[in-house]
Amino acid sequence: MLLEFLYSKIHRATVTDANLNYVGSITIDKNIIKKANISEGQKVDILNINNGERFQTYVIAGEAGKKDFCLNGAAARKAQIGDKIIICAYALMTPEEAQSFKPSVVQIDEDNNII
């Protein structure tokens, strides 16, 4: 049997932009998604620490080094610039695989730098 477990997490990023007139997704600095082992196009959950919103979207790789976290399309209604968010990705694993698997956790500081 396969169960869904946390695969990767980007913790306490700050939303830098919200672009309503875009076809949906979250744009994240390419360096940060690489460090978190998240792929472009991968489905993620976004958890907004400021307002409690939880929603799903997919990742678009942003320009490396810009430290962008931009919510696009309908997701732009779920957070405001300056909100703190957590981005979670999941993977299907057997219970045995999950026992030894360690998710990637990337901590982000106030300026969207990797800690």
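The structure under discussion appears in the preceding block.
The model shown is predicted, which means the values in this text are computed figures rather than measured ones.

Q: Account for a nonpolar patch on the surface, naming residues and giving values.
A: A surface patch of nonpolar side chains, about 320 Å² in accessible area, is lined by Y22, V23 and Y58. Note that Y58 resides in strand β5 (residues 54-62).

Q: Explain the pairing of strand β6 (residues 69-72) to me, using residue names and the numbers behind them.
A: The side-chain alternation of β6 yields two buried faces, one formed by F69 and L71 and the other by C70 and N72. Where strand β2 (residues 17-19) meets β6, 3 bridges bridge the pair, whose relative direction is parallel. Each residue of the ladder has a partner; that of D17, found in β6, is C70. Here strand β3 (residues 25-29) runs beside β6; their pairing, made up of 4 bridges, is antiparallel. When the sheet's bridge partners are listed, T27 is paired in β6 with C70.

Q: Go over the pattern of salt bridges, please, and point to the residues and values.
A: Where charged atoms from two side chains of opposite charge approach closely, those side chains can pair. Considering all chains together, one arrives at 2 salt bridges under this definition. K78 is paired through a salt bridge with E53; the nearest N and O atoms lie 3.3 Å apart. Linking K78 in the loop between β6 and β7 (84-93) with E53 in the loop between β4 (43-48) and β5, this pair joins segments that are 25 residues apart in sequence. By relative accessible area, K78 is classed as partly exposed at 30%.

Q: Explain the sheet that holds β6 to me, and be specific about the residues and the numbers.
A: Read across the sheet, 8 strands follow the order β2-β6-β3-β5-β4-β7-β1-β8 without closing on themselves; strand pairing throughout is mixed. Sheet topology places β2 and β8 (104-107) at the edges, where each strand pairs with a single neighbour. On average, each strand axis in the sheet is tilted by 30° relative to the strand beside it, whichever way the strands run. Bridge analysis of β4 against β5 gives 5 bridges, and the strand direction is antiparallel. Counterpart to L47 in the pairing with β5 is R54.

Parameters and conventions
- Residues numbered from 1 in each chain as written.
- Predicted model: local features only at pLDDT ≥ 70, side-chain atom pairs only at ≥ 80, totals over all residues.
- Heavy atoms only, no water.
- Patch = residues over 30% accessible without salt bridge, like charges linked within 9 Å, V, L, I, M, F, W, Y side chains within 5 Å.
- Areas by Shrake-Rupley, 256 points an atom, 1.4 Å probe, with all protein chains shown as cover.
- Salt bridge = Lys/Arg side-chain N within 4 Å of Asp/Glu carboxyl O.
- Helix = DSSP H or I, 4+ residues; strand = E, 2+ residues; numbered from the N terminus.
- Buried < 20%, exposed > 50% of the residue type's maximum accessible area, 1.4 Å probe, protein only.
- Pairing = 2+ DSSP bridges.
- Axes fitted to C-alpha atoms, helices over the stretch in contact; angles between N-to-C directions.

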